[in-house]
Amino acid sequence: MNEEIKLKEEIEELSRQRLLDCYQCGECSAGCPTAFAMDIVPSHSIRLLQLGKFNEVLNADNIWLCVACHVCGERCPRGVDYGKIADALRTLILRNKITHLTLEKIDKQFILEAPQQAFIAAFRKFTT
Amino acid sequence: MKSFAYYPGCTLYTKSRNLDICARESAKILGVELKELETWNCCGAIFSTVQDDIANQIAPIRNLKEAQKISNELVTLCAACYNVLKRSNYYLYKEGNEIYRRRLINYLDEEYDGETKVLHFLEILKNQIGYNAVKSHVKKSLNGLKVACYYGCLMLRPSAEINFDDPDNPMIMDELFLALGADAVQFPFKSECCGGYVLVNRPEVATKCAEIILESIINAGAECVVTTCPLCQYNIDNQQKYMAKQFNLPIFYFTQLLGLSLGVEEKLLNLDNHYINPKLLLKQKGLII
């Protein structure tokens, strides 16, 4: 139980969001541009976090699909920004030295073509 | 000639030369000088929202400090640079927790007072030069060209920190293109994210995001798209390669069409640097030979 309280506090401290502010209206999931590809959508993630089911969310795919576009936070009637929560969750994983993205996974031709802005952003969000 | 400190950023020096060159040339015609910072470093391309992650704030803050050697107003063109620089300033002086703020300041080489104002080139065009003055410099009107102005996410959100334009229905670029004589087509996905950097780890997801936006643009009757962000440009231009539907929609930087309209030489517009060839459309409209 203490572990759980500590984790909740850590997520709230890193993200500056209060998990219990969310009243589950679902605006965030409706607006999220990558929700169609997510296993657990943003509002569902927040509900699981409220219930203390941290591992379910930390193991979910959605935190690696968040593009930090902040549509969720912009439209939230309670001022909760799931983009910031996802950033905190990624940080918790990455600070444990578990990297999500490696250079070998990326197509060589693509590295030559795409703007470096994409790589810098992806490596900042997805690597330790 | 009024001069502004100018921060091009990494992508504008390599993959997106056309966004940069066309802006500098257009500014010259409009009587404004974009004076590049003597030294600058990459802004980091994405803002870190994690409260204690001060390491990621140092790079943008150094650029803001460097700008003060030229002016207190720093102009950017790339939507990502604009987002990161502006939010770092906000983080440091409006929002930041005192402990983290002090820790961050300790990492900087010199004191920084938070006084650098980050402006987008569009804001210079609208508020400092004025769209009427821009209109008076038009050599080739874009009359009859149906343009979809696509803003994406980085220019607009979070609006509390960015405060650029209406986050759901931005009009600053539309107004510019109306002044240039074009028809600014309205469509519902103006501020939708293009898929961004998810392109790197899950390209199929980014392609789908781009496809939804292009579908909305085509249905609104646009003939081409303008954007301010190198990543949006790449996602909605090059990703057309992988889409089932052939949109064949040319994607420009707004500065390319601005430059074309103000009479910048065609070779400086760098029209070959596109996946969907835009020349056919421009020839059809009599804008290039």
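You'll find the structure just up there.
How each quantity is defined
- Residues numbered from 1 in each chain as written.
- Chains lettered and ligands numbered in written order.
- Predicted model: local features only at pLDDT ≥ 70, side-chain atom pairs only at ≥ 80, totals over all residues.
- Helix = DSSP H or I, 4+ residues; strand = E, 2+ residues; numbered from the N terminus.
- Rg over C-alpha atoms; globule rule 2.2 N^0.38 Å.
- Buried ≥ 20, exposed ≤ 12 C-beta atoms within 10 Å, placed from the backbone.
- Pairing = 2+ DSSP bridges.
- Axes fitted to C-alpha atoms, helices over the stretch in contact; angles between N-to-C directions.
- Contact = placed C-beta atoms within 7 Å.
- Nonpolar A, V, L, I, M, F, W, Y, C, P; charged D, E, K, R; others polar.
- Parallel < 35°, antiparallel > 145°, perpendicular 65-115°, else oblique.
- Left-handed = near helix turned anticlockwise from the far one by under 90°.

**Student:** Help me understand the overall build of chain B, please; the structure alone is not making it clear to me.
**Tutor:** The secondary structure content of chain B amounts to 14 helices and eight strands. For chain B, the C-alpha radius of gyration of 19 Å lies close to 19 Å, the compact-globule estimate for 289 residues. Expressed as lengths along the three principal axes of its C-alpha atoms, the size of chain B is roughly 60 × 45 × 30 Å. In chain B, which comprises 289 residues, the proportion classed as buried is 53%.

**Student:** Any chance you could explain the sheet that holds strand β2 (residues 32–36) of chain B here in plain terms?
**Tutor:** The strands making up a sheet are joined through hydrogen bonds of the backbone, oriented either antiparallel or parallel. All names here are of chain B. Strand order across the open sheet formed by four strands is β2-β1-β3-β4, with parallel pairing between neighbours. Pairing within the sheet leaves two strands with one partner each, and these edge strands are β2 and β4 (117–120). Pairwise comparison of adjacent strand axes, ignoring direction, gives a mean angle of 45° for this sheet. With four bridges joining them, strand β3 (residues 73–76) and β4 adopt parallel strand pairing. By the bridge assignment for β4, T76 is matched with H120.

**Student:** Help me understand the sheet that holds strand β6 (residues 183–185) of chain B in this model?
**Tutor:** All names here are of chain B. Taken in spatial order, the four strands make up an open sheet running β6-β5-β7-β8, and their pairing is parallel. At either end of the open sheet lies a strand with only one pairing partner, and these are β6 and β8 (251–253). Between one strand and the next, the sheet's axes are offset by a mean angle of 40°, whatever the strand orientation. One ladder, built from three bridges, connects strand β7 (residues 224–227) with β8; its direction is parallel.

**Student:** Is there a simple way to explain the interface of chain A and chain B in this structure?
**Tutor:** It is common to give the size of an interface as the accessible area lost on bringing the parts into contact. With 38 residues of chain A at the interface, the matching set in chain B holds 37 residues. Those elements that provide at least two residues to the side of chain A that touches chain B are α1 (2–15), α5 (71–75), α6 (82–94) and α8 (116–126) of chain A. With ten residues, α8(A) is the single largest residue contributor to the side of chain A that touches chain B. Taken together, the residues of the side of chain A that touches chain B break down into 21 nonpolar, eight polar and nine charged.

**Student:** Could you clarify how one ought to interpret the packing of helix α5 (residues 121–129) of chain B against helix α8 (residues 172–179) of chain B in this entry?
**Tutor:** Helix-helix packing is characterised by the crossing angle of the two axes and by the distance between the axes. Residues and elements named next belong to chain B. Two numbers describe how α5 lies on α8: the axes approach to 10 Å, and their chain directions differ by 60°. By the angle between their axes, α5 is oblique relative to α8. Crossing of α5 over α8 shows left-handed handedness. Residues L122, L125 and K126 of α5 form the contact with α8, whose participating residues are I172, M173 and L176. A class-by-class count of the residues in the contact of α5 with α8 yields five nonpolar, no polar and one charged.

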